[in-house]
Amino acid sequence: QVQLVESGGGLVQAGGSLRLSCAASGSTSRINAMGWYRQAPGKQRDLVAALTMSGSTHYADSVKGRFTISRDNVKNTVYLQMNSLKPEDTAVYYCVARYDSGITRSGYPYWGQGTQVTVSS
């Protein structure tokens, strides 16, 4: 089992930046991939960014060039640096983790509680 705790959300003006953090605990040595989903009001949850422990990354087209996912293996923490934020980035952001392969495949079994990001225009 893996427990995920997000932090770093908040209110920011359009064009600003935020950095989300996700601290993992439990059976972290078995984690193969971690990532971030987001869900805006009335919309489905979408994968924003993900990375494998070997360093492969994936980004949704809507955030390429603006968001960067990274990890600190010592701290068992994954980060999402979000720059040039837009109002349409407003959503609850969830940290996810999985033991198996396929960073873009649905079915991440471990989820954090979510952190709200609000971008004002």
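All of these numbers come straight from a predicted model, not from anything done at the bench.

### Remarks on the layout of surface pockets
Rolled over the atoms, a probe as big as a water molecule pinpoints where empty space is left.
Working step 1: Considered as a void within the structure, the largest pocket measures approximately 180 Å³ in volume.
Working step 2: Around the largest pocket, the lining is made up of 14 residues, and of these Arg38, Ala40, Lys43, Asp46 and Glu88 lie nearest the centre.
Working step 3: The set of elements that each furnish at least two residues to the lining of the largest pocket consists of β4 (33-39) and β5 (46-52).
Working step 4: Top contributing element to the lining of the largest pocket by residue count: β5, with 3 residues.
Working step 5: Broken down by class, the residue content of the lining of the largest pocket amounts to 5 nonpolar, 4 polar and 5 charged.

### Examining the nonpolar core
Working step 1: Membership of the largest hydrophobic core comes to 30 residues, with the highest contact counts inside it found for Leu4, Met34, Trp36, Leu80, Met82 and Tyr93.
Working step 2: Elements represented by at least two residues in this core include exactly β1 (2-7), β3 (18-26), β4, β5, β7 (67-72), β8 (77-82), β9 (91-98) and β11 (115-120).
Working step 3: Residue contacts for Leu80: discarding those within four places in its chain leaves Leu18, Arg19, Leu20, Trp36, Val48, Ala49, Phe67, Thr68, Ile69 and Tyr93.
Working step 4: Counting residues in hydrophobic clusters, the runner-up holds 8 residues, among them Tyr37, Ala50, Val96 and Ile103.

### Brief notes about the state of the cysteines
Working step 1: Counting across every chain of the model gives 1 disulfide.
Working step 2: For Cys22, the disulfide goes to Cys95, at an S-S distance of 2.0 Å. The S-S bond linking Cys22 to Cys95 shows a torsion near -80°; that makes this disulfide left-handed. Of the two residues, Cys22 sits in strand β3 while Cys95 sits in strand β9, which places them 73 residues apart along the sequence.
Working step 3: Relative accessible area serves as the criterion here: at 0%, Cys22 is assigned to the buried category.
Working step 4: Among the residues examined, Cys95 registers a relative accessible area of 0% and is labelled buried.

### Let's talk about the packing of aromatic side chains
Working step 1: For the structure on display, the rule yields 4 aromatic pairs.
Working step 2: Residues Tyr37 and Tyr108 carry aromatic rings whose centres are separated by 6.0 Å and whose planes lie at 75° to one another, so their mutual orientation is edge-to-face. Of this pair, Tyr37 sits in strand β4 while Tyr108 sits in the loop between β9 and β10 (110-111), and the two are 71 residues apart along the sequence. With respect to class, Tyr37 is no different from Tyr108; both count as buried.
Working step 3: Ring centres of Tyr94 and Trp111 lie 5.9 Å apart, and the angle between their planes is 70°; on these two criteria the pair is classed as edge-to-face. Here the residue Tyr94 occupies a position in strand β9, and Trp111 occupies one in strand β10, the gap between them amounting to 17 residues.
Working step 4: Its relative accessible area of 12% is what places Tyr94 among the buried residues.
Working step 5: A network of ring pairs unites the aromatic residues Tyr37, Tyr94, Tyr108 and Trp111 as a single cluster.

What counts as what
Per-chain numbering applies: the sequence of each chain, read as written, is numbered from 1 onward. In view of the model being predicted, local features appear only for residues whose pLDDT reaches at least 70, and side-chain atom pairs are presented and counted only at 80 or more, with totals across whole chains, interfaces and linings using the full set of residues. In computing side-chain properties, one takes all heavy atoms of the structure into account and sets aside hydrogens as well as water. Put simply, the grid is 1 Å and covers the protein atoms alone, a cavity is a trapped set of points that fit a 1.4 Å probe, a pocket is an open set with protein on both sides within 12 Å along at least five of seven lines, and lining residues have an atom within 4 Å of a point. Grid points are joined across faces, edges and corners, and a volume is the space filled by probe spheres set on the points. Only DSSP runs of H or I covering at least 4 residues are called helices, and only runs of E covering at least 2 are called strands; the numbering of each starts at the N terminus. For this classification, the nonpolar set comprises Ala, Val, Leu, Ile, Met, Phe, Trp, Tyr, Cys and Pro, the charged set comprises Asp, Glu, Lys and Arg, and every other residue, Gly included, is treated as polar. By convention a nonpolar core is built from buried Ala, Val, Leu, Ile, Met, Phe, Trp, Tyr and Cys residues, the set being connected through side-chain atoms within 4.5 Å. Per-residue accessibility, obtained with a 1.4 Å probe over protein chains only, is compared with the maximum for each type, and a residue is labelled buried under 20%, exposed over 50%, and partly exposed between these values. Any two residues having at least one pair of non-hydrogen atoms within 4.5 Å are treated as being in contact. Any two cysteine sulfur atoms within 2.5 Å of one another count as a disulfide. Whether two aromatic rings pair depends on their centres lying within 6.5 Å, for rings of Phe, Tyr and Trp, where Trp uses its six-membered ring; planes under 30 degrees apart make the pair stacked, over 60 edge-to-face, and the rest tilted.

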